[in-house]
Amino acid sequence: MSRNHQQMVRFVDIAPSADEVGPSGDVTGLGPFRLEGLWRMTSPNSRFGGWSAMIDVGTGQFLAFSDRNMRVRFTPPGMATPDIPRAKQVGIRRAIYQRKRDGDWEVFDIESAVLAPDSSIWFGLEDEDGLIRIDADRAKGAFVPIPALKDWPVNGGPEAMTRLTDGRWMLLCETCGARRGGLHLGLVFADTPDRSQPQPFGIELPVGFDPVDMAPLPDGRLLILTRRLSLIPPHFESRLVLADPAKLDPKRPWQAQELARIDTSALRENYEAMVVKLTPAGPEVWLLSDENGSAIQETRLMKLRLDMARLPH
């Protein structure tokens, strides 16, 4: 198979029509969120796809990272980036550069990413007992051991990771705990994971759903993206839930409250990455899907607008 390294991303508007969403113009199940856009993303680049994490780099562009150790820099529809040269509007390349002893490149399965206040980027990895930190200049990186991750199951790594508004850091395991009962395990750090010891805790999520990303809201509460695979017929469903870090008590399960369901055929995909972008009109919530290299799945980018006044107190 020939490789294509063309630096190009295309967006195709696939937002449902008024007939599909009903006379009110609102998509059912979204609760305090309003759908503002839905696009199919494609690229001729053979490295494109498998996106599992995404960050807002603060220039009007997003950086997404894949489970094949790739990254894509792109400007989402509706964003203006006049100060970024055309040649840098899109960038698809390796995310973490590390050589193995045989000279080949190390392949990391990136599942989560956080942009820290010092502009370093932290990555949560599948099947690794630590995180990777890349410095602000992207010239240096370091593996940060987290011994507690050794107890997490295979294919159960920190699929969701974030820095809370109070400075704490949090990781959620994708498959730890009694999944049928809705309990998932997590770790919370008082400071960055290389400067503090983790405290384990449990969180109650919708039964059958796994956490895949999370981000703090302006009021300090946590928005968590969850998903599950339904088999008949095969499709993914997502739910957005709310949890208050002020109520986290490691001695008892932390409760989360469902806000929205993304399960209509016009919207659903395997959404794994989320960015909460603060704007004067209220928080924008951007979701990006992982198509798993499957011909029957798509890379989709969804834009939601959150009405903070409609959140439960």
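See above for the structure.
Bringing the overall build of the chain into the picture now. Along the chain, the regular secondary structure elements total 1 helix and 22 strands. For the chain, the C-alpha atoms occupy an extent of roughly 60 × 50 × 40 Å along the three principal directions. Taking all 313 residues of the chain together, 52% fall into the buried category. Of the contacts formed within the chain by residues at least 6 apart in sequence, a portion of 50% connects residues at least 24 apart.

Our focus in this paragraph is the sheet that holds strand β21 (residues 284-289). If you walk across this open sheet you meet the 5 strands as β1-β2-β22-β21-β20, and the pairing is antiparallel. The sheet is open, and its two borders are formed by β1 (10-13) and β20 (271-277), each paired with just one other strand. With strand direction ignored, the average angle separating the axes of adjacent strands in the sheet is 25°.

Mapping Leu172 onto the fold places it in strand β12 (residues 169-173). Residue class for Leu172 comes out buried when judged on its relative accessible area of 0%. Sequence separation of Leu172 and Asp219 is 47 residues, and the distance between their C-alpha atoms is 21 Å. Here Leu172 is in contact with Trp152, Gly157, Pro158, Glu159, Ala160, Leu185, Gly186, Phe201, Ile203, Pro211, Met214 and Ile224, once residues within four sequence places are set aside.

Before going further, it helps to spend a moment on the packing of aromatic side chains. If you walk through the whole model with that rule in mind, you get 8 aromatic pairs. Considering the side-chain rings of Phe11 and Phe74, the 6.0 Å spacing of their centres and the 45° angle between planes classify their relative orientation as tilted. Of the two residues, Phe11 is situated in strand β1 and Phe74 in strand β5 (residues 70-74); the sequence distance between them amounts to 63 residues. Its relative accessible area of 27% is what places Phe11 among the partly exposed residues. With relative accessibility at 1%, the residue Phe74 sits in the buried group. Ring centres of Phe62 and Trp286 lie 5.5 Å apart, and the angle between their planes is 75°; on these two criteria the pair is classed as edge-to-face. With a gap of 224 residues between them, Phe62 in strand β4 (residues 62-66) and Trp286 in strand β21 connect regions that are remote in the sequence.

Analysis parameters
- Residues numbered from 1 in each chain as written.
- Predicted model: local features only at pLDDT ≥ 70, side-chain atom pairs only at ≥ 80, totals over all residues.
- Heavy atoms only, no water.
- Helix = DSSP H or I, 4+ residues; strand = E, 2+ residues; numbered from the N terminus.
- Buried < 20%, exposed > 50% of the residue type's maximum accessible area, 1.4 Å probe, protein only.
- Contact = heavy atoms within 4.5 Å.
- Pairing = 2+ DSSP bridges.
- Axes fitted to C-alpha atoms, helices over the stretch in contact; angles between N-to-C directions.
- Phe/Tyr/Trp six-rings, centres within 6.5 Å; stacked < 30°, edge-to-face > 60°.

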